[in-house]
Amino acid sequence: MYDSVSIIISPIASSLMTVIWLLMGLGDIPALEGIKDELEKLWRALVPIKAELMDEEDLQVADPVLEYWLGELQDAASDAQDVLEAFSTRVYWSARRKQQQQVCPGNASLQFNVSFLKIKDIVARIDLISQTTQRLISECVGRPKIPYPRPLHYTSSFAGDVVGREDDKSKILDMLLSHDSDQGEECHFSVIPIIGMAGVGKTTLAQLIFNHPIAVRRFDLRIWVCVTVNFNFPRILENIITSLSHLNCDFGGLSTSMLESRVVQLLSGQRFLIVLDDVWTHNYFEWEQLEKVLRHGERGSRVVVTSRTSKVSDIMGNQGPYRLGLLSDDDCWQLFRTIAFKPSQESNRTWGKLEKIGRKIVAKCRGLPLAVKAMAGLLRGNTDVNKWQNISANDICEVEKHNIFPALKLSYDHLPSHIKQCFAYCSLFPKGYVFRKKDLVELWMAEDFIQSTGQESQEETGSQYFDELLMRFFFQPSDVGSDQYTMHDLIHELAQLVSGPRCRQVKDGEQCYLSQKTRHVSLLGKDVEQPVLQIVDKCRQLRTLLFPCGYLKNTGNTLDKMFQTLTCIRTLDLSSSPISELPQSIDKLELLRYLDLSKTEISVLPDTLCNLYNLQTLRLSGCLSLVELPKDLANLINLRHLELDERFWYKCTKLPPRMGCLTGLHNLHVFPIGCETGYGIEELKGMRYLTGTLHVSKLENAKKNAAEAKLREKESLEKLVLEWSGDVAAPQDEEAHERVLEDLQPHSNLKELLVFRFLGTRFPLLMKEKALQNLVSLSLNHCTKCKFFSIGHLPHLRRLFLKEMQELQGLSVFGESQEELSQANEVSIDTLKIVDCPKLTELPYFSELRDLKIKRCKSLKVLPGTQSLEFLILIDNLVLEDLNEANSSFSKLLELKIVSCPKLQALPQVFAPQKVEIIGCELVTALPNPGCFRRLQHLAVDQSCHGGKLIGEIPDSSSLCSLVISNFSNATSFPKWPYLPSLRALHIRHCKDLLSLCEEAAPFQGLTFLKLLSIQSCPSLVTLPHGGLPKTLECLTISSCTSLEALGPEDVLTSLTSLTDLYIEYCPKIKRLPKEGVSPFLQHLVIQGCPLLMERCSKEGGGPDWPKIMHIPDLEVAPTNVRSSPDFTKSSMQASDSPGPGPKSPNKPRPSSAHWYSHLSCCSRGVDVRESTQSPRRLMLREGRCRS
C-alpha cells in the first residue's frame, strides 16, 4: 500500500534534510572535508522524491513493485538519518573538545573515516533507489488517478436495527424542540452536531430523528443529504432540490448561482429539518456558502450534522456538540442476538454454547455497533460451534476486514502524514493502555515525529498532534483521571495493521516476527532476557525499546550487550526493572533521546550518562535509592525533561554545577542557591522554558545578583516558591533582602506564589501595579518581620494563606494612595487561612470570602465582615469574642468549627449549617433556635462545665446523622434524648461524672436508625440502660469505663440482630457476658483489658462464656498489648489541630469492620462539601517545604 509507506518516508525525508542543512552550515570544520559533496548529492536525491510523496499522498497505487521500492527507500532513509545524526554528534564532541583544548581520543579520526564511508555508501544507495522510485511514481502519475476506495455508501434516511439509543434520541429531540438557540434576529436556524468515532451509530441516530413523528409534524420540509468526504457545494444544492422534488433531475449546464436561487425559492418561508450526514470539512468558508442559503428558511429550522471529528462542530455548530457514546454490553448483546440468530435457532441444542461464545465476541467489539453488526452478520444462521470459537479467538479487524476496517481506516486516511506515524506508533502499547498526553508527546519527540513550525515549541506542536487524534476519536478520555486517555480496541487493531513490520509487540509465549525492517519494539512480558537477545541479533537498527506494562522485568546480563549493539536506539524504557546499576557503556547509545529508569533500584547514575548529547528526556521518578545527579549533568545540553519525584527534590540540597547550560529544560522543581561558581542564581538566567513549579531556596545567597535569575522571562511558570533559610537578618540587611524579592519579580502569568522565611519588613513585589495581576494564590510563611502588607494590586487573588507572621498587625486590601484605594473592590478573595499570627488585631471586609480559618491568633477580637461564608474554622483564639454578625451574613454557612475560644459567648443566630463542632468554648451556653438545625448532619459538643447546657438544647432533628458528646461534667445523666430518626453514629466520650446514659429506662426510643454507639472514658458509668440498646446497632464500642459492671439486661446482645462488631475494652469490673449470650450474627469481637471477662471467655481454660462466643469468625480475646478499639471521633475533633504529620494512630478497625467503618466514619467526620479537598498546608507538605 503506497500511502502506508509514503507517510513514513516523507517525515523522515524532511528530518533528514534538516540534518543535512545543519551540517552544511557548520562552516570550516575539518571533519566535514570531503563529506559536503556527498551531503549535497543526498540533498538532491531527497528533494524530488519528497515532493512526489507529498503530492501523491492521497492516492492508492496497487503496484507491488513500487511498494517494494518505497519500502527500500524507507529503510535507506532511516539508515541515512542514523548515520548523519551519529556523524553530527561526533562533530559536536570534536568541536567541544577543541574549544576546551582537550586532546581528542586516539580513535576519533578512525570514527570519522568510518562515518565518511557510511555516508558515501548510503548516498549511493539512496540515489539508486530514488531514481527507480521516481520512475515508477512517474508511471503511476501518468495513469488516470484512482482515489482511495472509500466507503461512500451514500446513506439514506431509513434506519435498520436499532438498540439502546432511546436516551440519545430523546435528548436530540429535546434539542430540536428547544427555542434557546432561536434567539436573535439573524438566527433563523440552529445546527445540532452529532459527533463520535467511526461506526458508533451517528447516521443511525440521525435516521431515527429524521423519521420520528415529532420531526414529521414539526417541520414543513425534511431533507437528507449525504455529504461524505468532499464538501461539494453544488452537489449539496442538487441533493436538496432532488430530495424536495422527489425526482431524479438533470442539472447539466446549471450554474451554482442558479442552483442557489432554486434552493432559496424552495426553503423560503418554510421550517425545515436538514440532515447533513458524514461531514468532514474543516473549512469554514465552504460551510459559509451553504449557511447563507439556509438563512432563508423559517425561524425554528434545524440542521443536524453527523461527523467523526469534533472540529466540524466548532465550525458549523451554534449549539454544543452531542457526543455519541458506545453501547452498553447488554445493548450490544441484544443487537448481536437480533441479527445473528433466527428465532428458530434459540431452541437449538447448541444455543447455550453459541450464546456463551457470542457474548465473548460482543465483548471484543467494545460497544461499537458497527463491529457488533458486522460480526453478527458474519455468523447469521451459522450454528457451527467451531467456527464461532475460531472467530472469537481472532482480532475483529482480521476477521471482518471488508466492513469494519475500511470504515475505521477512512478516518486514518484523512490524517496528515506527520500525524499518521504518531498514531501508528501507538500500536506498541497493549490494548487498554492508559495514555498520558505529556508522556506520549515526549516519545514522539524522541522519534523525531514532530515537525515544529513558527514560534511553537515541540511540546506545543506535539500536544496539537494529540488533540487532533483526540478530536477525531482515535483517543477517548479515560475514566481513570484527568489528562489520561484510552484507545478503543478496534482503533488499536487499526494502528497495528497500518504500522506494518516497523512496529512489533513481543508477548510471553507468542511467536513474533522480527527483522531488519523492525525499528520499534515493545516487550509485554515479564521475563525479557531472551527477547532482548533476539532483538540484538536481528534488529541492529532498532530505534525504540519499550516496556509499557510496568512488570518487574528480568533483563539478566543483556544490558551491556544491548548498549554495545543497538547504537541507533532513540527511546529506551527500563522502568520497573530490578536493575540497580547502569553499565558504563550507556554512552554507546549516542542517538538516545529518551531514557526511562523510573521505579528501578538505581542509586548512582554513571558519569558516562552525561555523554548522551542528544538526550531530551530522562525519567527517574520512583528511584527511591537515588540521592544525587551526576556531576556533569550540564553536558546534556539538549535535555528538556528531567523527571524526579517530590521525595528526591525534598532531599536535594545541592544540584550539579552549571545547570544553566540546560537552557531547554522545562522542569526544575528545586534550585538551591550556592555561593560557589556554577551554583549561583545566575544559572537560572537562560532557562526561559521552565514550566509548572520552581522552588528557589537559600535566597540569602543571592543578595547581590538576584535579578540575574530573569524570572520575568519565564512565562510558563505557574507556581513559584521563594525560600530563605531563616537566619535572623541584621537591620542593615533588611533592605537588601527586600531588593532580592523585588528583583525576583516573575512573569505576570504566575498563578501561585509562596514565600518562606523572608527576612525583610515589606513586600515590594506585592506593591507593584500589574506585576502579579494574574496571581490566584499567595502564601506567606514564617515572614516574621512584616507588620502590614497590602493585596490591593492583586486583582485576581482568590486564596491567601498566612502562617507564623509574628509581627503582623493588619492586612489591607488597598495601598496608601487614593488611586490604590479605588481598587479595593477588585480584590475577591474566597479563601483566607491565618495561623500563628499573635499580634494580628484586625482584618478588612471580604465580600466574597467562602472559606475562613483562623488559628492561634492571640490578639484578634473580632472576625472580618463577610457575606458569602461557607466554611468557618476557629481554633485556639484566646481573646476572640465577636463573630461580627452585625456586619456579616452567615446564611450560606455549611460548616462551623470552633475549638478553644474561651471568650466567645454566642454562635451565629441566623444560619443553617450541615456540620457544627463546638469544643472548649466555656461561655457558649446556648445553641441557635431550632430552625437552624433543619439541614444539620453532624454535631459535636464539648461542655467542660455549666452542667452540659448545650446538650440539653439539642432539638429534634430529622437530618442529624452523627452526634459527638464529650467532657459532660457536673451531671450524672443526660437530659431526655431528642427525637433523632436519622442518627447513625453516637459517640460519648470523657464524661467523668456520668452514672447513666439517661434518667429514662429506655432512652434510645427516638434513635430508630442508630448504627454505631461508642462509649469511651466514662469512669463512673455503672450500667447500660435497662431498656436495652437500639435494635439497629451494627457496631458497639465500650472502652475505659472502669466502673461498668453489666452491659444491661440478659438479652441485651442477643436482641441486637444487626450487630456485627463488638469491642469491650478496659472495663475491669465486667464479670461476664449476658446470660443469653451475644448476637448469632456477630462477625467480630474484641475483648481486652477486662481480666474477669477474659477468664470466663477463655478457650484454653474452658471458661463458662466460651460457648457463647465460639461461633464468631473474627475473635480476639487478648491481653492488654493488643490495639484498642477505634475512636472514630478523632478525625473530626482533632485532625485540624494537629501541628504536622505524626505517627499513624493504631486506632483503626480491622478489615472485618470495613463494611460499617467506611459508612459510619463519614458520619463522624461530618459532611465535607468543599470543592477543594486539599488544604494549602497539605499542598505545601507535598511540596516538601512546610515546616510545622
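From a predicted model like this one, the values you see are computed outputs, not experimental measurements.

### Thoughts on the sheet that holds strand 11 (residues 544–546)
Alright, step 1. A sheet is described by the order of its strands in space; here seven strands give the open sequence 9-10-11-12-13-14-15, paired in parallel fashion. The open sheet is flanked by strand 9 (503–506) and strand 15 (641–643), the only strands paired with a single partner. Taken pair by pair, the neighbouring strands of this sheet meet at an average axis angle of 10 degrees, ignoring direction.
Alright, step 2. Bridge analysis of strand 11 against strand 12 (residues 571–573) gives two bridges, and the strand direction is parallel. Bridged to Thr544 within strand 12 is Thr571.

### Notes on the packing of helix 13 (residues 351–364) against helix 15 (residues 385–393)
Alright, step 1. Remark: helix 13 packs on helix 15, axes separated minimally by 9 Å, with the N-to-C direction vectors making an angle of 20 degrees. By the angle between their directions, the pair helix 13 and helix 15 is classed as roughly parallel. By crossing handedness, the relation of helix 13 to helix 15 is classed as left-handed. Across the interface between the two elements, Lys353, Leu354, Ile357, Gly358, Lys360, Ile361 and Lys364 from helix 13 touch Val385, Trp388, Gln389, Ile391, Ser392 and Ala393 from helix 15.
Alright, step 2. Within the contact of helix 13 with helix 15, the residues separate by chemical class into seven nonpolar, three polar and three charged.

### Topic: the packing of aromatic side chains
Alright, step 1. Following the criterion strictly, the structure yields 25 aromatic pairs and no others.
Alright, step 2. Where Phe336 meets Trp388, the ring centres are 5.9 Å apart and the plane angle is 85 degrees; that geometry is what we call edge-to-face. In this pair, Phe336 sits in helix 12 (residues 329–340) while Trp388 sits in helix 15, placing the two residues 52 residues apart along the sequence.
Alright, step 3. For Phe336, a relative accessible area of 0% translates into the label buried.
Alright, step 4. An aromatic cluster is present here, built from Phe429, Tyr433, Phe435, Trp444, Phe466, Phe475 and Tyr485 joined pairwise through their rings.
Alright, step 5. Positioned above the aromatic ring of Phe210, the side-chain terminus of Arg222 is 4.7 Å from the ring centre.

### Quick notes on the sheet that holds strand 8 (residues 484–486)
Alright, step 1. Spatial strand order, 6-8-7: three strands in an open sheet with antiparallel pairing. The open sheet is flanked by strand 6 (435–436) and strand 7 (476–477), the only strands paired with a single partner.
Alright, step 2. Alignment of strand 6 against strand 8, held across two bridges, turns out to be antiparallel. Within the sheet, the bridge partner assigned to Arg436 lies in strand 8 and is Gln484.

### Some thoughts on the confidence of the model for the protein chain
Alright, step 1. Taken over all residues, the pLDDT of the protein chain has a mean of 81, while the share at 70 or more is 80%.
Alright, step 2. Every residue in residues 1–7 is under pLDDT 50, and counting partners more than four places away or in other chains gives 27 contacts.
Alright, step 3. Confidence drops under a pLDDT of 50 for residues 1120–1125, and excluding neighbours within four residues, the segment shows 24 contacts in the predicted structure.

### Examining unusual backbone geometry
Excluding glycine, a negative phi dihedral is what most residues carry, and trans is how most peptide bonds are arranged.
Alright, step 1. Although it is not a glycine, Asp448 sits at a positive phi angle of roughly 65 degrees.
Alright, step 2. Tracing the backbone shows Asp448 in the loop between helix 19 (437–446) and helix 20 (458–471).
Alright, step 3. In this structure, Arg757 takes a positive phi of about 55 degrees despite not being glycine.
Alright, step 4. Here Arg757 lies in the loop between strand 19 (752–756) and helix 26 (764–767).
Alright, step 5. Arg757 sits in the buried class, given a relative accessible area of 12%.

### A look at the pairing of strand 36 (residues 1114–1118)
Alright, step 1. Burial along strand 36 is one-sided: Asp1114, Glu1116 and Ala1118 are buried, while Leu1115 and Val1117, pointing the other way, are not.
Alright, step 2. As paired elements, strand 35 (residues 1084–1088) and strand 36 share five bridges and run parallel to each other. Bridged to Val1086 within strand 36 is Glu1116.

### Some words on the side chain of Thr558
Alright, step 1. Along the chain, Thr558 falls in the loop between strand 11 and helix 23 (559–565).
Alright, step 2. Among the residues examined, Thr558 registers a relative accessible area of 3% and is labelled buried.
Alright, step 3. Among all residues touching Thr558, those that are not within four sequence positions of it are Glu529, Val532 and Leu533.

Rules and cut-offs
- Residues numbered from 1 in each chain as written.
- Predicted model: local features only at pLDDT ≥ 70, side-chain atom pairs only at ≥ 80, totals over all residues.
- Heavy atoms only, no water.
- Pairing = 2+ DSSP bridges.
- Helix = DSSP H or I, 4+ residues; strand = E, 2+ residues; numbered from the N terminus.
- Axes fitted to C-alpha atoms, helices over the stretch in contact; angles between N-to-C directions.
- Parallel < 35°, antiparallel > 145°, perpendicular 65-115°, else oblique.
- Left-handed = near helix turned anticlockwise from the far one by under 90°.
- Contact = heavy atoms within 4.5 Å.
- Nonpolar A, V, L, I, M, F, W, Y, C, P; charged D, E, K, R; others polar.
- Phe/Tyr/Trp six-rings, centres within 6.5 Å; stacked < 30°, edge-to-face > 60°.
- Buried < 20%, exposed > 50% of the residue type's maximum accessible area, 1.4 Å probe, protein only.
- Lys NZ or Arg CZ within 6 Å of the ring centre and 35° of its normal.
- pLDDT = per-residue confidence, 0-100.

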